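# Structural overview
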Amino acid sequence: MAQRTLIIIKPDGVQRGLVGEILGRFERRGLKLVGLKLMSVDRSLAEVHYAVHKERPFFADLITFITAAPVVCAVIEGPEAIAVVRNLVGATRFTEAAPGSIRGDFALDLTMNLIHASDAPETAEQEVSLFFAPDEIVDYAREGDRWVTG
Ligand code: CMP
């Protein structure tokens, strides 16, 4: 089933010049970018995005980190995109992230783990609409997709 999911390349990914490397992995897999932007996350947006972690001891550090420098947000579309993207991203903890995953190849810190990806259909829908207005998402066909998804 075709799904859409949100990814956020966190400030460490942008500062380390890994935006192209990370987006390229999604493109090479065959996934389609349908929304893309560089932006700063302000405190109120960060608090809504991370509301589920509000009571956790690391919440304040998380907000400070995500608001510290620009991020790159993308909406990614493809068959089972939520699970496929989570697998490409790798486990939250760098010690558990498989080699070949984004975190397994580039991350050595729990907070600076390079990228966020939605974890379920409900959160994907909420997160896409939190970061993208409807007219910022572009519906288009790619000629080569019949050789990827049939
Ligand atoms: P992410 O899954 O993108 O969103 C929540 C983030 O909290 C997570 O990535 C980690 O970067 C960060 N974090 C910091 N400390 C912890 C912790 N102890 N457990 C889980 N996540 C943590």
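Predicted model only: the values in this text are computed from it and were never measured.

This brings us to helix α5 (residues 81-89). Those residues of α5 that sit buried are Ala81, Ile82, Val84, Val85, Leu88 and Val89. Down the axis of α5, the buried side of the element spans an arc of 170°, and every buried residue falls inside it. Those residues of α5 that are buried are in contact with β1 (2-9), α2 (19-29), β3 (71-79), α6 (102-106), β4 (115-117) and α7 (121-131). Positive phi appears at Gly90, one or two residues downstream of α5, with a value of about 95°.

Attention now goes to the sheet that holds β4. Strand pairing in a sheet relies on backbone hydrogen bonds, with the paired strands running either antiparallel or parallel. Spatially, four strands are ordered β2-β3-β1-β4 in an open sheet, and the strand pairing comes out antiparallel. Unpaired on one side and paired on the other, β2 (32-39) and β4 mark the two borders of the sheet. Neighbour-to-neighbour, the strand axes of the sheet open up by a mean angle of 20°, direction not taken into account. Bridge count between β1 and β3: eight bridges; the pairing is antiparallel. Its bridge partner lying in β3, Ala2 is registered against Pro79.

Scanning the model with the defined rule gives zero aromatic pairs in all. Over the ring of Tyr140 we find Lys32; its NZ or CZ atom is 4.9 Å from the centre of that ring.

Further remarks concern the site of the ligand. Taken together, Lys10, Tyr50, His53, Phe58, Leu62, Thr92, Arg93, Arg103, Leu110, Thr111, Asn113 and His116 make up the full set of residues adjacent to the ligand. Side-chain polar atom of Lys10 to an oxygen atom of the ligand: 2.8 Å apart, as the coordinates give it. Contact between the ligand and His116: an oxygen atom at 3.1 Å from a side-chain N or O atom of the residue. Considering the ligand on its own, with 460 Å² of exposed area, one finds that the protein chains cover 84% of that surface. Of the residues in the shell around the ligand, the class split is four nonpolar, five polar and three charged.

What counts, and where the lines are drawn
- Residues numbered from 1 in each chain as written.
- Predicted model: local features only at pLDDT ≥ 70, side-chain atom pairs only at ≥ 80, totals over all residues.
- Heavy atoms only, no water.
- Buried < 20%, exposed > 50% of the residue type's maximum accessible area, 1.4 Å probe, protein only.
- Helix = DSSP H or I, 4+ residues; strand = E, 2+ residues; numbered from the N terminus.
- Arc of directions from axis to C-beta.
- Contact = heavy atoms within 4.5 Å.
- Pairing = 2+ DSSP bridges.
- Axes fitted to C-alpha atoms, helices over the stretch in contact; angles between N-to-C directions.
- Phe/Tyr/Trp six-rings, centres within 6.5 Å; stacked < 30°, edge-to-face > 60°.
- Lys NZ or Arg CZ within 6 Å of the ring centre and 35° of its normal.
- Near = heavy atom within 4 Å.
- Polar contact = N/O pair within 3.5 Å; in protein donor to acceptor, adjacent residues only side chain to side chain.
- Areas by Shrake-Rupley, 256 points an atom, 1.4 Å probe, with all protein chains shown as cover.
- Nonpolar A, V, L, I, M, F, W, Y, C, P; charged D, E, K, R; others polar.

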